[in-house]
Amino acid sequence: MSGTIKLHESWRAPLQGQFDSPYMQALKSFLEHEKAQGKRIFPKGSEYFRALDLTPLDKVKAVILGQDPYHGEGQAHGLCFSVRPGVRTPPSLVNIYKEMRSDLGIEPARHGFLEHWAQQGVLLLNSVLTVEMGQAASHQRKGWEEFTDAVVRLVAQKEEPVVFLLWGAYAQRKAGFVDQSRHLVLKAAHPSPLSAHNGFLGCRHFSQANAFLEAKGRGAIDWTLPAPE
């Protein structure tokens, strides 16, 4: 897997032990077997680590954790909650945009492409980095969770303060060990239509994140999303 992966250099050395580990070799074999069976895997191989490629370890200012990639045609491209330009904005992201409007007055983007955030230091990390087309959660418990746990640990060990935006019980468990005396941990319900009204809408996480980052001298994030080029 590490022979063909696209991954920013800042992550490569600290994660090398993960890539060399038995669980990662098993995961690689599983993915190769699935592809050999003719199954379609999302996102494409060069985008498995897109979140880590766009957001270097030393530039991480905020972390948003998702669970699985989207499993529909043409949606997933390696960033949680994000879809490619031209793809309909998914319901959870519609609610994220609603909260940004009420919190910061930002009008909802007409697209769901979040690379502008990633390029500013927002690590948009799914817990599981692949999925079979049309089969939600099909690659859970194959090894990805262990790998992304290691990623979250690396961020939590950073000297510079980071904001963790943890939406839903799954994300809150995954980053449950983060030192809240150094980092800001913001928790709310998941933005899914099933749960957004239970505390996601009205959480004001975006303004809180920026206030913390500015107070720590790290600079606010521009949450507006320009039209994709």
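Structure: see above.
Positions within a chain are numbered from 1, following the residues in the order the chain's sequence is written. The predicted nature of this model means local features are confined to residues of pLDDT at least 70 and side-chain atom pairs, given and counted, to a pLDDT of 80 or more, with totals for whole chains, interfaces and linings taken over all residues. Excluded from the side-chain calculation are hydrogens and water; included are all heavy atoms of the structure.

This part covers the environment of glycine 78. Note that glycine 78 resides in the loop between strand S2 (62-66) and helix H4 (91-104). Accessibility expressed as a relative area gives 17% for glycine 78, which makes it buried. Considering only alpha carbons, one finds glycine 78 and phenylalanine 42, 36 residues apart in sequence, at a separation of 8.6 Å. Throughout, a contact is declared for two residues whenever any of their heavy atoms are within 4.5 Å. Apart from the residues within four sequence positions on either side, glycine 78 is in contact with Pro43, Glu47, Arg50, Ala51 and Leu124. Strands are runs of DSSP state E lasting at least 2 residues, helices are runs of H or I lasting at least 4, and numbering of each runs from the N terminus. The cut-offs for exposure are 20% and 50% of the maximum accessible area for each residue type, with area from a 1.4 Å probe on protein chains only; residues under the lower value are buried, those over the upper are exposed, and the others partly exposed.

Turning next to the packing of helix H1 (residues 9-19) against helix H6 (residues 144-156). Remark: H1 packs on H6, axes separated minimally by 10 Å, with the N-to-C direction vectors making an angle of 145°. Our pair here, H1 against H6, has a crossing hand that is right-handed. Taking contact as the criterion, the partners of Trp11, Pro14, Leu15, Gln18 and Phe19 in H1 are, on H6, Glu146, Phe147, Ala150, Val151, Arg153, Leu154 and Val155. Its residues assigned to classes, the contact of H1 with H6 comprises 9 nonpolar, 1 polar and 2 charged. Between N-to-C directions, angles span 0 to 180 degrees; the directions come from axes that are lines fitted to C-alpha atoms, helices contributing only their stretch in contact. Throughout, a crossing is termed right-handed when the near helix is turned clockwise from the far one, and left-handed when it is turned anticlockwise from it by less than a right angle. When residues are grouped by polarity, Ala, Val, Leu, Ile, Met, Phe, Trp, Tyr, Cys and Pro land in nonpolar, Asp, Glu, Lys and Arg in charged, and all others, Gly among them, in polar.

Before going further, it helps to spend a moment on unusual backbone geometry. Between phenylalanine 42 and the following residue, proline 43, the backbone shows a cis peptide bond with an omega angle of -10°. Here proline 43 is to be found in the loop between strand S1 (41-42) and helix H3 (50-54). At phenylalanine 81, a position not held by glycine, the phi torsion is positive, near 70°. For phenylalanine 81, the location among the structural elements is in the loop between S2 and H4. Judged by its relative accessible area of 9%, phenylalanine 81 is buried. Positive phi outside glycine occurs at arginine 204, with the angle close to 60°. Structurally, arginine 204 can be placed in the loop between strand S6 (184-188) and helix H8 (205-215).

What counts as a salt bridge is simple: a side-chain nitrogen of Lys or Arg found within 4 Å of a carboxyl oxygen of Asp or Glu. Under the definition given, this model contains 12 salt bridges. The salt bridge involving aspartate 149 is made with lysine 174; its shortest N-O contact spans 2.5 Å. With aspartate 149 in helix H6 and lysine 174 in helix H7 (residues 169-174), the pair connects residues that are 25 residues apart, well separated along the chain. Classification of lysine 174 by relative accessible area gives buried; the value is 10%.

Buried within H8 are the following residues: His205, Phe206, Ala209, Asn210, Phe212 and Leu213. The buried residues of H8 occupy one face: seen down the axis, they fall within an arc of 165°. Across H8 from its buried face, at more than 90 degrees, point the exposed residues Glu214 and Ala215. On its buried face, H8 sits against H4, strand S5 (163-167) and S6. Here the arc refers to the directions that run from the helix axis out to each C-beta atom.

A few words now on the nonpolar core. If you look at the biggest cluster of nonpolar residues, it comprises 72 residues, and the most contacted ones within it are Trp11, Phe49, Phe147 and Phe164. When residues no more than four places from it in sequence are discounted, the contact partners of phenylalanine 164 are Val63, Val152, Val155, Ala156, Ala175, Val178, His183, Leu184, Val185 and Leu186. In this description, a nonpolar core means a group of buried Ala, Val, Leu, Ile, Met, Phe, Trp, Tyr and Cys residues linked to one another through side-chain atoms lying within 4.5 Å.

Of all the 5 residues making up S2, 5 are buried; the element is thus mostly covered by neighbouring parts of the structure. Relative to strand S3 (residues 122-126), S2 runs parallel, the two sharing 5 bridges. Pairing of glycine 66 across the sheet is with asparagine 126, part of S3. As paired strands, S2 and S5 are joined by 3 bridges and run parallel to one another. Residue pairing across strands places valine 63 opposite phenylalanine 164, the latter belonging to S5. Here a strand pair is declared whenever DSSP counts at least two bridges between the two strands.

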